[in-house]
Amino acid sequence: MKREQLLSYAPAETRRTFLLTAVQDVPGPVTTHWAEEVLATSPYSCHRNSARKTLRALVAQGELVAREENGRRTYVRPPAAERSAA
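Cut-offs used in this document
Residues numbered from 1 in each chain as written. Predicted model: local features only at pLDDT ≥ 70, side-chain atom pairs only at ≥ 80, totals over all residues. Heavy atoms only, no water. Helix = DSSP H or I, 4+ residues; strand = E, 2+ residues; numbered from the N terminus. Buried < 20%, exposed > 50% of the residue type's maximum accessible area, 1.4 Å probe, protein only. Axes fitted to C-alpha atoms, helices over the stretch in contact; angles between N-to-C directions. Parallel < 35°, antiparallel > 145°, perpendicular 65-115°, else oblique. Left-handed = near helix turned anticlockwise from the far one by under 90°. Contact = heavy atoms within 4.5 Å. Nonpolar A, V, L, I, M, F, W, Y, C, P; charged D, E, K, R; others polar. Salt bridge = Lys/Arg side-chain N within 4 Å of Asp/Glu carboxyl O. Core = buried A, V, L, I, M, F, W, Y, C linked by side-chain atoms within 4.5 Å.

(A) Inspection of the environment of Trp 34 at higher detail. Considering the arrangement of structural elements, one finds Trp 34 in helix H3 (residues 32-40). Take Trp 34: its relative accessible area is 16%, and that puts it in the buried class. Note: C-alpha distance between Trp 34 and Arg 48 (14 residues apart in sequence) is 9.7 Å.

See the structure below:
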């Protein structure tokens, strides 16, 4: 994703909403590294640990699903039916 595209998400109310908006445009799974890079372009710049905590919070809210792939954790959007039930 290009920097210009990422900047178009600002301003979001919180780091979580900024990241969730960016994730919606990604067709596949995202990683903590990806989230850290995205947040570095936002008004909510943060380090890897904050990106990890933000992703975990989105999982807890039911906005993302965590998966283990090749020993690495990735995050995807759940199917629409699961999001509306959460």
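(B) Expanded view of the packing of helix H2 (residues 15-24) against H3. The geometry of H2 relative to H3 is characterised by a closest axis approach of 10 Å and an angle of 115 degrees between their N-to-C directions. With respect to their mutual orientation, H2 and H3 come out roughly perpendicular. Of the two possible hands of crossing, H2 and H3 adopt the one that is right-handed. Residue-level inspection shows Arg 15, Phe 18, Leu 19, Ala 22 and Val 23 of H2 in contact with H3, the latter providing Trp 34, Ala 35, Val 38 and Leu 39. Looking at the contact of H2 with H3 residue by residue, the class counts come to eight nonpolar, no polar and one charged.

(C) Molecular detail of the side chain of Thr 74. The topology assignment puts Thr 74 in strand S2 (residues 72-76). With a relative accessible area of 7%, Thr 74 lands in the buried category. Leave out the neighbours within four places in its chain, and Thr 74 touches Pro 29, Val 30, Thr 31, Val 65, Ala 66, Arg 67 and Glu 69.

(D) Structural view of the pattern of salt bridges. What the rule picks out here adds up to three salt bridges. Close ionic contact of Glu 63 with Arg 77 constitutes a salt bridge, the shortest N to O distance being 3.3 Å. Of the two residues, Glu 63 is situated in the loop between helix H4 (48-60) and strand S1 (65-69) and Arg 77 in the loop between S2 and helix H5 (80-85); the sequence distance between them amounts to 14 residues. A salt bridge links Arg 73 to Glu 68; the shortest N-O distance between them is 3.1 Å. Under the relative-accessibility criterion, Glu 68 is labelled exposed at 52%.

(E) Structural view of the nonpolar core. Judged by nonpolar contacts, the single largest core of 17 residues is most densely connected at Leu 19 and Trp 34. When residues of this core are traced back to their parent elements, those giving at least two are H2, H3 and H4. Considering every element that reaches this core, the biggest residue donor is H2, with five residues.

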